[in-house]
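Residues per chain are reported as follows:
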Amino acid sequence: EKGIYSIENFLSARRLMYWQVYMHKTVVGVENMLIQIIRRAKELSGDSITGNRALNYFLANAVSLEELSGNEQLMNDFCFLDDYDLLGAMKIWRDHPDRVLSELCSMLTERRLFRVLLSGQRFPEEEILERGNEVQQQLSLSEEERGYFFVQGMKSNAAYIGGGQKIKVLMKSGEVKDIAFASDLPNIKAMRKIV
């Protein structure tokens, strides 16, 4: 029970880190750019896509979690990959003949990042189509290419979901309670809500 305030502080800090760092618009934009770069590189793998041996393998092959966990060499190769491997490959891919891969890599390495719009409500479908058309026209993209430069999705944050793995507190009385109910601060209960 003496640790309740430390747990409350941890959960509050976690919530702030998600909103201010992990889910910051710049981070979300870069993450989506990386996803699109890897997606395109996987589609082109074998067509003069160069990277280190491990990166080339994972780009060329769909590896399941079972395969990864059952093959020590594959797991070592996967764990050995890092941001330097991707950054080095992106510097090479900037000059790739594929326009999509080349442009995405140039944009990311030159810090011309995706612009991110966030809303507490779902964007109307008309607005999504309009913005997608604007991007397509600005960059002179085909319909297929547009999907690499205009993405949409959802982000959510819940600092503490007391579902399967609860934070349990042993009270002085001997009773064990979920932190959301052991705490006298209402914000811990509020942190259970997905935002």
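What counts, and at which threshold
- Just so you know, the residues in each chain are numbered from 1, in the order the chain's sequence is written.
- In keeping with the model being predicted, local features are shown solely for residues with a pLDDT of at least 70 and side-chain atom pairs are shown and tallied solely at 80 or more, while totals for entire chains, interfaces and linings include all residues.
- Think of the side-chain values as coming from all heavy atoms in the structure, minus any hydrogens and water.
- Working definition: helices are DSSP H or I runs of at least four residues, strands are E runs of at least two. Numbering for both runs from the N terminus.
- Per-residue accessibility, obtained with a 1.4 Å probe over protein chains only, is compared with the maximum for each type, and a residue is labelled buried under 20%, exposed over 50%, and partly exposed between these values.
- Note on contacts: a residue pair qualifies if any of its non-hydrogen atoms lie within 4.5 Å across the two residues.
- Only the protein chains shown count as cover for residues, and the accessible areas themselves come from Shrake-Rupley with a 1.4 Å probe.
- A residue's pLDDT is the predictor's confidence in that residue, given on a scale from 0 to 100.
- Stacked, tilted and edge-to-face are the three classes assigned to paired rings of Phe, Tyr and Trp, where Trp is represented by its six-membered ring and a pair needs centres within 6.5 Å; plane angles under 30 degrees give stacked, over 60 edge-to-face, the rest tilted.

Student: Account for the overall build of the protein chain, naming residues and giving values.
Tutor: The helix and strand inventory of the protein chain stands at 11 helices and 2 strands. Reading the protein chain from its N end, one meets helices and strands in the order α-α-α-α-α-α-α-α-α-β-β-α-α. Buried positions account for 31% of the 195 residues belonging to the protein chain. The long-range fraction of contacts in the protein chain, counting pairs at least 24 apart against all pairs at least 6 apart in sequence, stands at 59%. Summing over all exposed atoms, the protein chain offers an accessible surface of approximately 12,900 Å²; the carbon and sulfur share of this is 54%.

Student: Describe the environment of Lys 172, and please don't skip the residues or the numbers.
Tutor: Mapping Lys 172 onto the fold places it in the loop between β1 (168-170) and β2 (176-178). In sequence terms Lys 172 and Lys 2 are 170 residues apart; their C-alpha atoms lie 8.9 Å from each other.

Student: Give me the lowdown on the confidence of the model for the protein chain, citing residues and values where you can.
Tutor: With 90% of its residues at a pLDDT of 70 or more, the protein chain shows a mean pLDDT of 86. Across the protein chain, the secondary-structure element scoring lowest on mean pLDDT is helix α11 (residues 186-190), at 60, and the one scoring highest is helix α7 (residues 99-109), at 96.

Student: Explain unusual backbone geometry to me, and be specific about the residues and the numbers.
Tutor: One non-glycine residue, Arg 111, adopts positive backbone phi at about 65 degrees. You will see that Ser 140, though not glycine, has its phi angle at about 50 degrees, which is positive. Locating Ser 140 in the fold gives a position in the loop between α8 (125-138) and α9 (143-149).

Student: With reference to specific residues and values, describe the packing of aromatic side chains.
Tutor: Evaluation of the coordinates by the stated rule reveals 3 aromatic pairs. Judged by centre distance (4.9 Å) and plane angle (75 degrees), the ring pair of Tyr 18 and Tyr 22 falls under edge-to-face. On the criterion of helical spacing, the pair formed by Tyr 18 and Tyr 22 is a turn pair, its members being 4 residues apart in helix α1 (residues 4-22). Considering the side-chain rings of Phe 58 and Phe 78, the 5.6 Å spacing of their centres and the 70 degrees angle between planes classify their relative orientation as edge-to-face. Placement of the pair is Phe 58 in helix α3 (residues 53-60) and Phe 78 in helix α5 (residues 72-80), with a sequence separation of 20 residues. Accessibility expressed as a relative area gives 14% for Phe 58, which makes it buried. A network of ring pairs unites the aromatic residues Tyr 57, Phe 58 and Phe 78 as a single cluster.

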